[in-house]
Amino acid sequence: MPLIKCFNHGIKDNVYQHAQIESLIKYSRFVKFVVKTRAIFLTEFAKHKALFPGVDGEAMFVGTVLHSLDHTLMDWNLKDALYLNTSDPRFGKMAEMGQDTCIIK
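The present account deals with the structure reproduced in this document.

Thresholds, definitions, all that
- Residues numbered from 1 in each chain as written.
- Predicted model: local features only at pLDDT ≥ 70, side-chain atom pairs only at ≥ 80, totals over all residues.
- Heavy atoms only, no water.
- Helix = DSSP H or I, 4+ residues; strand = E, 2+ residues; numbered from the N terminus.
- Buried < 20%, exposed > 50% of the residue type's maximum accessible area, 1.4 Å probe, protein only.
- Contact = heavy atoms within 4.5 Å.
- Areas by Shrake-Rupley, 256 points an atom, 1.4 Å probe, with all protein chains shown as cover.
- Phe/Tyr/Trp six-rings, centres within 6.5 Å; stacked < 30°, edge-to-face > 60°.
- Salt bridge = Lys/Arg side-chain N within 4 Å of Asp/Glu carboxyl O.
- Expected span 1.5 Å × (residues − 1).
- Bend = angle between axes of the 7 residues up to and from the residue.
- Polar contact = N/O pair within 3.5 Å; in protein donor to acceptor, adjacent residues only side chain to side chain.

1. Thoughts on the overall build of the chain
Secondary structure assignment for the chain yields four helices and zero strands. Each helix (α) and strand (β) of the chain, taken in turn from the N terminus, gives the series α-α-α-α. Counting the 105 residues in the chain, one finds 13% classified as buried. Put simply, of all contacts in the chain between residues at least 6 apart along the chain, 32% involve residues at least 24 apart. For the chain, the computed accessible surface area is about 8800 Å², with 62% contributed by carbon and sulfur atoms.

Right, here's the structure in full:
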């Protein structure tokens with residue numbers, strides 16, 4: 001199943017550092033916000049790390065803050081979830097997921 005392969009690929013390959021991300025701050029309010037928010041999040045997470053045994057702060061940031069921003073930006077930028085073409089043979093399943101993301105708020 002292609003979708004499961006996609007998920008497994010993401011799990012296996014992990015999230016890598018984007019060392020040059022700060023060079024985009026002057027061009028993007030979103031990047032500026034994420035970089036500042038990440039720094040605050042990781043500082044606060046470190047203070048309470050004992051409450052989260054085995055949890056990586058970076059993974060927690062990606063899974064909570066970035067994931068939420070991803071959904072919010074999709075909602076802001078996609079006027080109607082029905083624009084997504086679920087019958088496309090290559091991207092149809094992703095379109096279904098996108099419709100679910102926009103509809104379930």
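2. Structural notes on the packing of aromatic side chains
Applying the stated criterion across every chain yields a total of three aromatic pairs. Relative to phenylalanine 45, the ring of phenylalanine 41 lies with its centre 6.3 Å away and its plane at 10 degrees, an arrangement referred to as stacked. Taken together, the residues phenylalanine 41 and phenylalanine 45, both in helix α2 (residues 29–47) and four residues apart, mark about one turn of the helix. Ring pairs connect the aromatic residues Phe41, Phe45, Phe52 and Phe61, which therefore count as one cluster.

3. Considering the pattern of salt bridges
Proximity of charged atoms lets side chains of opposite charge pair with each other. Enumeration according to the criterion identifies three salt bridges in this entry. Its salt-bridge partner being glutamate 58, residue arginine 38 comes within 2.7 Å of it at the nearest N-O pair. You can see arginine 38 sitting in helix α2 and its partner glutamate 58 sitting in helix α3 (residues 57–77), a full 20 residues away along the chain. Take glutamate 58: its relative accessible area is 27%, and that puts it in the partly exposed class. Among the ionic pairs, glutamate 96 bridges to lysine 93, the shortest N-O distance being 3.8 Å.

4. Brief notes about α3
Three or four residues apart is the spacing at which side chains of an α-helix point the same way, because the helix has 3.6 residues per turn. Taking 1.5 Å per residue as the helical rise, α3 with its 21 residues ought to reach 30 Å, and the 29 Å between its terminal C-alpha atoms agrees with that figure. In α3, a bend of some 30 degrees at leucine 66 exceeds every other bend along the element. Taken together, the buried positions of α3 are occupied by Gly57, Phe61 and Leu69. Residues of α3 that are buried sit in contact with α2. Where α3 begins, one side-chain oxygen reaches toward the backbone nitrogen of glutamate 58, 3.1 Å away; that side chain belongs to aspartate 56.

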